[in-house]
Amino acid sequence: MKKIKHAMLMILMVTIGSWATAADVPLGPGDVLKITVFGQPDLTLETRVSEAGSISYPLVGEVKVGGLSSNQAEQKIAELLDKGGFVRKPQVNLMVTEMQSQQVSVLGQVNKPGRYPVDGKRSLTDILAMAGGANPDAADTVILTHTEGGKTTKETIDLLELVRSGDPSKNRQLTAGDSVFVERAPRFYIYGEVTKPGSYKLERDMLVLQALSTGGGLSPRGTERGVRIKRRDANGVLQIISVKHDDLLKPDDIVYVKESLF
C-alpha cells in the first residue's frame, strides 16, 4: 500500500497542471534578460534587471521594464529605438534566461527543496514535480502559504483527494512569493515479538494487521492474541489498549506484541 500511494503522488505531480511560457509573467528585479534586434548584432545585450526595475540599453539608455511582460518590454524597447531614429521598425526579441523575481519556495519532504521560478502559469503539482516530487517520508498533505495585499493565508491541501477527485480547480495556481511545505508523514512504532521492530510511516487508514505486516510479521515466539497499543489520550496520559486486527492505528501509536506462553 505504501508503494502504491507514493507512486500515485509521483504520477500526480508529474502529469497534472498546465505549462505556460514566461511571456505572460511580469519582469522584476534580479531577472536576467537577453535582448536581440534582428539585423543589429551590436544591440545584442544580456543584462540583469536592477532593484529599481530598470535596465540600461545601448543608444536609448535606462529603460523601465519592471512590471512589464516580455512582450510589452520588447515593444517598449522597439518604440524607443524607432522614435529615437536609431533603428527603423526594429524587430526586438527579449528572452528571460534566469527568472529571479517570480519564485516560490518548496520545503519539507521533497527530493529537491529550494526556490523555483513561476515562469508562466504554474500549478501546485507543477512546482512539486520541479522539486523532484515527494520523498518516501512525505505525508499526503501540503501546506500552501500565500500572501496578498499584506495578508497571509495558509491552506492545507490533500494530495490524494486532489488526484482522486480529478477536479483541476483544486490544483491551486501559484504566484510569486508563495511557499509550499510538504509535511512529514505521521509515524507509528512496533516492538516486541515481531521480525522487524522499529519506527514506520503511518499510512492513511492503516489497520493493526497492516502494522504487523510492516513490522515483518510475528516472530516464532509471538502471538496474535498478545497485541497491545500504547496511546496517549487527550490529556497526554499513556493508555494501554487491547486491539483487534481490524482496528485503526493513530499517529504515534506504539504497537507491542507479547510473547506466547506456549
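Quick caveat: nothing in here was measured; it's all calculated off a predicted structure. (Residues numbered from 1 in each chain as written. Predicted model: local features only at pLDDT ≥ 70, side-chain atom pairs only at ≥ 80, totals over all residues. Heavy atoms only, no water.)

What is the right way to look at the overall build of the protein in this model?
The secondary structure content of the protein amounts to five helices and 17 strands. Burial statistics for the protein: of 262 residues in total, 39% are counted as buried. Contacts spanning at least 24 positions in sequence make up 57% of the contacts within the protein whose residues lie at least 6 apart. Within the structure as shown, the protein displays about 14400 Å² of accessible surface, and the carbon and sulfur contribution to it stands at 52%. (Helix = DSSP H or I, 4+ residues; strand = E, 2+ residues; numbered from the N terminus. Buried < 20%, exposed > 50% of the residue type's maximum accessible area, 1.4 Å probe, protein only. Contact = heavy atoms within 4.5 Å. Areas by Shrake-Rupley, 256 points an atom, 1.4 Å probe, with all protein chains shown as cover.)

Mind showing me how you'd approach the sheet that holds strand β10 (residues 151-158) here?
Note on sheets: strands pair through backbone hydrogen bonds, and any given pair is parallel or antiparallel. Across the sheet, five strands lie side by side as β7-β6-β12-β9-β10; this open sheet has mixed pairing. The sheet is open, and its two edges are formed by β7 (114-117) and β10, each paired on a single side. If you compare each strand with its neighbour and ignore which way they point, the axes differ by 20° on average. Taken together, the eight bridges between strand β9 (residues 138-148) and β10 define a ladder with antiparallel strand orientation. Bridge assignment links T145 to a residue of β10, and that residue is K154. (Pairing = 2+ DSSP bridges. Axes fitted to C-alpha atoms, helices over the stretch in contact; angles between N-to-C directions.)

Explain the sheet that holds strand β15 (residues 222-232) to me, please; I cannot follow it from the model alone.
Judged by pairing direction, the sheet is mixed, and its five strands sit side by side in the order β14-β13-β17-β15-β16 without closing on themselves. Looking at strand neighbours, the two that pair on one side only are β14 (198-201) and β16 (238-242), the edges of this open sheet. Taking each pair of neighbouring strands and ignoring which way they run, the sheet shows an average axis angle of 25°. Relative to β14, strand β13 (residues 187-192) runs antiparallel, the two sharing four bridges. If you follow R187 over to β14, its bridge partner there is K201.

Help me out: how do you make sense of the environment of V104 in this one?
Summarising the element assignment, V104 is placed in strand β6 (residues 103-108). Between the C-alpha atom of V104 and that of G177, which follows or precedes it by 73 residues, the distance is 5.2 Å. Setting aside chain neighbours within four positions, we find V104 in contact with G114, R115, Y116, V118, I127, L174, T175, G177 and D178.

How do you make sense of the pattern of salt bridges when you look at a structure like this?
For side chains bearing opposite charge, pairing can occur when the charged atoms are close. By the definition in use, this model includes nine salt bridges. Where D137 meets R187, a salt bridge forms, and the shortest distance between an N and an O atom there is 3.6 Å. On the criterion of sequence distance, the pair formed by D137 in the loop between α3 (124-130) and β9 and R187 in strand β13 is long-range, its members being 50 residues apart. Residue R187 is classed as buried on the basis of its relative accessible area, which comes to 17%. In this structure, D140 engages R204 in a salt bridge whose closest nitrogen and oxygen atoms are separated by 3.3 Å. With D140 in strand β9 and R204 in the loop between β14 and α5 (208-214), this pair connects stretches of sequence that are 64 residues apart. (Salt bridge = Lys/Arg side-chain N within 4 Å of Asp/Glu carboxyl O.)

Would you mind showing me how to read helix α2 (residues 70-83) here?
Residues that lie three or four places apart on an α-helix share one face, since the helix turns once every 3.6 residues. The terminal C-alpha atoms of α2, which comprises 14 residues, lie 20 Å apart, in line with the 20 Å expected from a rise of 1.5 Å per residue. Listing the buried residues of α2 in full gives S70, A73, E74, I77, A78 and L81. Down the axis of α2, the buried set is contained in an arc of 135°. They therefore lie on one face. Residues of α2 that are exposed and point over 90 degrees away from its buried face: Q75 and K83. In this structure, the buried residues of α2 make contact with β1 (32-37), β3 (54-57), β4 (61-64) and β5 (92-98). The positive-phi residue at the C-terminal boundary of α2 is G85, with phi of around 75°. (Expected span 1.5 Å × (residues − 1). Arc of directions from axis to C-beta.)

Before we go on, may I ask you to explain the side chain of D31 in this structure?
Turning to its location among the elements, D31 is positioned in the loop between α1 (2-15) and β1. Separated by 2.9 Å, the side chain of D31 and the backbone nitrogen of G28 make a polar contact. Sequence-distant contacts of D31, defined by excluding residues within four places in its chain, comprise P26, T47, R48, V49, E98, M99, Q100 and S101. (Polar contact = N/O pair within 3.5 Å; in protein donor to acceptor, adjacent residues only side chain to side chain.)

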